[in-house]
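# Structural description and commentary
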Amino acid sequence: MNSTVEVCFVCLGNICRSPLAQGVFESLVKEEGLQGCITINSAGVSGWHVGNPPDARMQQTARDHGIHLNSRGRQFQSSDFEQMDLVLAMDHSNLRALKQMRPEPELQDKLFLFRSFDPQHNNDLEVPDPYYGGDKGFETVYQIVDRTCPKVLDHLKIQLAKKYE
Ligand code: 4NP
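Here is a short report on the structure shown in this document. For clarity, every value in this text was computed on a predicted model and none was experimentally measured.

All right, on to helix H4 (residues 92-101) then. Every buried residue of H4 is accounted for by Asn 94, Leu 95 and Leu 98. Viewed end-on, H4 has its buried residues packed into an arc of 100°, placing them on one side of the element. H4 presents Arg 96 and Gln 100 as exposed residues on the side facing more than 90 degrees away from its buried surface. Here the buried face of H4 lies against strand S1 (5-11), helix H1 (17-31), helix H3 (80-83), strand S3 (86-89) and strand S4 (111-113). Its side-chain oxygen placed 3.1 Å from the backbone nitrogen of Ser 93, Asp 91 serves as the N-cap of H4.

As structure tokens, this is what we get:
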């Protein structure tokens, strides 16, 4: 029996939003002592920044909140779907790209918009792309990610418990 669960956060470039979600989620999982039970990844639907560190502005915002980002850009592969228990897209365009890549109905129950877990989404289900904007956009992304990650963890804990049933 596989007693771990695996999550992947997905954005366009894998240098801003999804690396932040990965870093914040890693920190949360570590705080709860669940590192051995939850595997955390991020990826981009594009291959534009493969191998690159997170954007310097995203790294700075993360550091301002005590989070160190150490991912490298990676493009999401269609075979990643088999391995993942949960794939979370940062916006509708990312979600569309993932659905186009793997349209099989049986895979759709592991694919969601990240902000569908945001307790304050008010029907705005996108994490805004901060890449072409100012510094304020990076802080907005942090605030969304910070309040949403605990809800994602609650969901994964339920999935984990089911694996032990
Ligand atoms: P991300 O942001 O999808 O949150 O990593 C972006 C990064 C790079 C680009 C666009 C968005 N780009 O156009 O290169």
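So that's the structure; there's more coming.
Moving on, we get to the site of the ligand. Around the ligand, the surrounding shell consists of Cys 11, Leu 12, Gly 13, Asn 14, Ile 15, Cys 16, Arg 17, Trp 48, His 49, Asp 129, Tyr 131 and Tyr 132. A distance of 2.9 Å separates an oxygen atom of the ligand from a polar backbone atom of Leu 12. At a separation of 3.2 Å, an oxygen atom of the ligand approaches a polar backbone atom of Asn 14. When the ligand is considered free in solution it has 350 Å² of accessible area, and contact with the protein chains removes 94% of it. Residue composition of the shell around the ligand, by class: seven nonpolar, three polar and two charged.

One non-glycine residue, Asn 14, lies in the positive phi region at around 60°. Mapped onto the fold, Asn 14 is located in the loop between S1 and H1. We note that Asn 122 has phi near 45°; this positive angle belongs to a residue other than glycine. Here Asn 122 shows up in the loop between S4 and helix H5 (135-164).

With that settled, consider the pattern of salt bridges. Tallying each qualifying case throughout the model produces eleven salt bridges. Between Asp 55 and Arg 57 there is a salt bridge whose closest N-O contact spans 2.9 Å. Classification of Asp 55 by relative accessible area gives buried; the value is 12%. According to the relative accessible area criterion, Arg 57 is partly exposed, its value standing at 26%. Salt-bridge contacts for Arg 115 lead to Asp 118; the nearest nitrogen and oxygen are separated by 3.0 Å. Residue class for Arg 115 comes out buried when judged on its relative accessible area of 5%. Three or more residues joined by partner-sharing salt bridges are found here, namely Arg 115, Asp 118, Asp 124 and Arg 147.

So, on to the packing of aromatic side chains. Aromatic ring pairs: the centre-centre distance and the angle between the two ring planes describe each pair. The tally for this structure, following the rule as stated, stands at five aromatic pairs. Taking the centre distance of 5.9 Å and the plane angle of 75° together, the rings of Phe 9 and Phe 114 count as edge-to-face. Of this pair, Phe 9 sits in strand S1 while Phe 114 is found in the loop between S4 and H5, placing the two residues 105 residues apart along the sequence. Taken individually, Phe 9 and Phe 114 each receive the classification buried, so the pair is uniform in this respect. Between Phe 76 and Phe 81, the ring centres sit 5.3 Å apart and the planes meet at 75°, which makes this aromatic pair edge-to-face. Considered together, Phe 76 and Phe 81 belong to a single accessibility category, that of buried residues.

What counts, and at which threshold
Counting from 1, residues in each chain are numbered in the order their sequence is written. Residues qualify for local features only when their pLDDT is at least 70, as the model is predicted, and side-chain atom pairs are given and counted only at 80 or more; totals for whole chains, interfaces and linings, by contrast, use all residues. Side-chain figures throughout are based on the complete set of non-hydrogen atoms in the structure, without hydrogens or water. Relative accessibility decides the category of a residue: with a 1.4 Å probe and only protein chains considered, values under 20% of the type maximum give buried, values over 50% give exposed, and everything between is partly exposed. Counting from the N terminus, the helices are the DSSP runs of H or I reaching at least four residues and the strands are the DSSP runs of E reaching at least two. The directions from the helix axis to the C-beta atoms form the arc being described. It only takes one pair of heavy atoms within 4.5 Å for two residues to be counted as in contact. Nitrogen and oxygen atoms within 3.5 Å of one another constitute a polar contact, given that in protein one can donate a hydrogen and the other can accept it, and given that sequence-neighbouring residues count only through two side-chain atoms. Think of it this way: one heavy atom of a residue within 4 Å of a molecule or strand is enough to make that residue near it. Under the convention used here, a 1.4 Å probe and the Shrake-Rupley method define accessible areas, while residue burial counts only the protein chains that appear. Any residue outside Ala, Val, Leu, Ile, Met, Phe, Trp, Tyr, Cys, Pro, Asp, Glu, Lys and Arg is labelled polar, Gly included; the first ten of those are nonpolar and the last four are charged. By definition here, a salt bridge exists when the distance from a side-chain nitrogen of Lys or Arg to a carboxyl oxygen of Asp or Glu is within 4 Å. The pairing test for Phe, Tyr and Trp rings, Trp by its six-membered ring, is centres within 6.5 Å, and the orientation test on the planes gives stacked under 30 degrees, edge-to-face over 60, and tilted for anything in between.

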